[in-house]
Amino acid sequence: MPKADLLDPAGKAVANALQRKGNKEIANVRIGKRIELHYETAPSEADLEAAKQIAADFLSNGIIEDVVSVTVEN
Amino acid sequence: MRIGVVTFPGTLDDRDAKRAVRLAGAEPVSLWHADTSLQNVDAVVLPGGFSFGDYLRCGAIAAQAPIMKTIIDAANGGLPVLGICNGFQVLVEAHLLPGGLTRNEHQHFICRDQKLIVENVDTAWTNQFSIGQEITIPLKNGEGGYIADEETLKRLEGDGLIAFRYSDVNPNGSVNNIAGLRNERGNVVGLMPHPEHAVEPGFGPDTPLAMRSGVDGLQFFKSVINQVVNA
């Protein structure tokens with residue numbers, strides 16, 4: 001997700017559109033990313049730890065984004 | 001004097017950068033993202049464009065390219081490196097310069113002749129300017145809003161690491177009007193505007209003297225030639 005204190009222009013554009021559509025109860029919109037890593041076999045604990053590292057080092061930029069969660073899903 | 005210009009998939013301004021190198025008086029050398037050799041160049045330019053389609057984040061995938069491992073090592077050893085626009089984004093993603101670049105505050109892609117103030121001339125790429133000089137360099141980007149945390153900003157301001165600031169207008173919401181940075185050593189410079197588009201009369205930005213006569217960008221390349229020749 002873009003960091004909370006940063007302007008998120010895409011989220012702002014969507015929030016403005018929702019206001020125009022009549023959804024006045026929505027005050028703000030923020031847009032992030034979901035990135036799926038697919039494994040050949042069910043990922044181990046070590047794979048999850050490695051994925052967390054990849055998320056921190058490469059998939060996100062800590063200056064502008066926060067990693068919200070890294071989880072194993074089926 | 002050989003200056004390498006890197007081409008990544010999606011790079012657009014490599015040919016213009018090579019042309020600028022030639023007009024400044026050096027020999028341009030094409031470098032390919034998947035290679036690891038710098039072919040004994042004396043300096044490297046990371047040109048503008050949309051490397052790897054700007055996927056993930058602008059410059060993030062290019063920063064992991066094989067040629068970048070070599071360039072990061074060489075830059076840490078003092079090799080002059082200039083990052084222009086997407087090349088600036090690559091330098092930031094490669095941690096050769098601090099901070100990050102975000103989508104323009106007003107959400108529009110901009111393309112304009114941009115006035116800049118030269119803030120630092122103790123670098124490989126700015127030594128032919130004078131401090132406080134106003135220059136005009138074309139700017140064209142969608143994600144040029146520079147940001148950094150408070151501590152980093154304090155360091156950038158305190159240590160004189162801001163190379164250029166936007167003058168007249170802030171075109172993209174960059175903090176402290178930052179248009180370009182240098183590293184501590186002064187060999188690495190990155191900026192959003194495109195000096196390679198202001199190197200030849202008839203093809204540059206407009207000036208008060210004549211249309212398209214601006215050639216302020218040439219001094220970036222003459223600076224690095226000056227530095228290498230006098231090294």
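Rules behind the numbers
Residues numbered from 1 in each chain as written. Chains lettered and ligands numbered in written order. Predicted model: local features only at pLDDT ≥ 70, side-chain atom pairs only at ≥ 80, totals over all residues. Helix = DSSP H or I, 4+ residues; strand = E, 2+ residues; numbered from the N terminus. Rg over C-alpha atoms; globule rule 2.2 N^0.38 Å. Contact = placed C-beta atoms within 7 Å. Nonpolar A, V, L, I, M, F, W, Y, C, P; charged D, E, K, R; others polar. Domains from an automatic or database assignment. Pairing = 2+ DSSP bridges. Axes fitted to C-alpha atoms, helices over the stretch in contact; angles between N-to-C directions. Buried ≥ 20, exposed ≤ 12 C-beta atoms within 10 Å, placed from the backbone.

Participant: In this structure, what is going on with the overall build of chain A? I would like to understand it.
Facilitator: For chain A, the count of helices and strands is two helices and zero strands. Relative to a compact globule of 74 residues, whose C-alpha radius of gyration would be 11 Å, chain A shows 16 Å and is clearly more extended. With respect to the principal axes defined by its C-alpha atoms, chain A has extents near 45 × 30 × 15 Å. Here the contacts in chain A between residues at least 6 apart in sequence split such that 42% fall between residues at least 24 apart.

Participant: Would you mind showing me how to read the interface of chain A and chain B here?
Facilitator: Frequently, the measure chosen for interface size is the accessible area removed from exposure when the parts meet. The interface of chain A with chain B comprises eight residues on the first partner and 11 residues on the second. Partitioned by chemical class, the residues of the side of chain A that touches chain B number seven nonpolar, one polar and no charged.

Participant: What exactly am I supposed to notice about the domain arrangement of chain A here?
Facilitator: All names here are of chain A. Segmentation of chain A into domains returns domain 1 (1-32) and domain 2 (34-74). Taken together, the contact pairs five residues of domain 1 with four residues of domain 2. The residue inventory of the side of domain 1 that touches domain 2, partitioned by class, reads three nonpolar, one polar and one charged.

Participant: How should I be thinking about the sheet that holds strand 3 (residues 43-46) of chain B in this particular structure?
Facilitator: Picture the strands of a sheet paired through backbone hydrogen bonds; they go either parallel or antiparallel. All names here are of chain B. The mixed open sheet is built from nine strands, whose spatial order is 2-1-3-4-11-10-9-6-7. Sheet topology places strand 2 (27-32) and strand 7 (134-141) at the edges, where each strand pairs with a single neighbour. Averaged over all pairs of adjacent strands, the angle between their axes in this sheet comes to 25 degrees, without regard to strand direction. Of the pairings in the sheet, the one linking strand 9 (residues 162-166) to strand 10 (residues 178-182) comprises three bridges and is antiparallel in character. Paired with Ile162 across the two strands is Leu181, which belongs to strand 10.

Participant: I would appreciate a short explanation of the pairing of strand 11 (residues 188-191) of chain B in the present structure.
Facilitator: For a regular strand, side chains alternate in direction, first toward one face of the sheet and then toward the other. All names here are of chain B. Going residue by residue along strand 11, you find Val188 and Gly190 tucked away on one face and Val189 and Leu191 tucked away on the opposite face as well. With four bridges connecting them, strand 4 (residues 81-84) and strand 11 associate as parallel partners. If you follow Val81 over to strand 11, its bridge partner there is Val188. In terms of strand pairing, strand 10 meets strand 11 through three bridges, oriented antiparallel. From the neighbouring strand, Arg182 faces strand 11, where its bridge partner is Val189.

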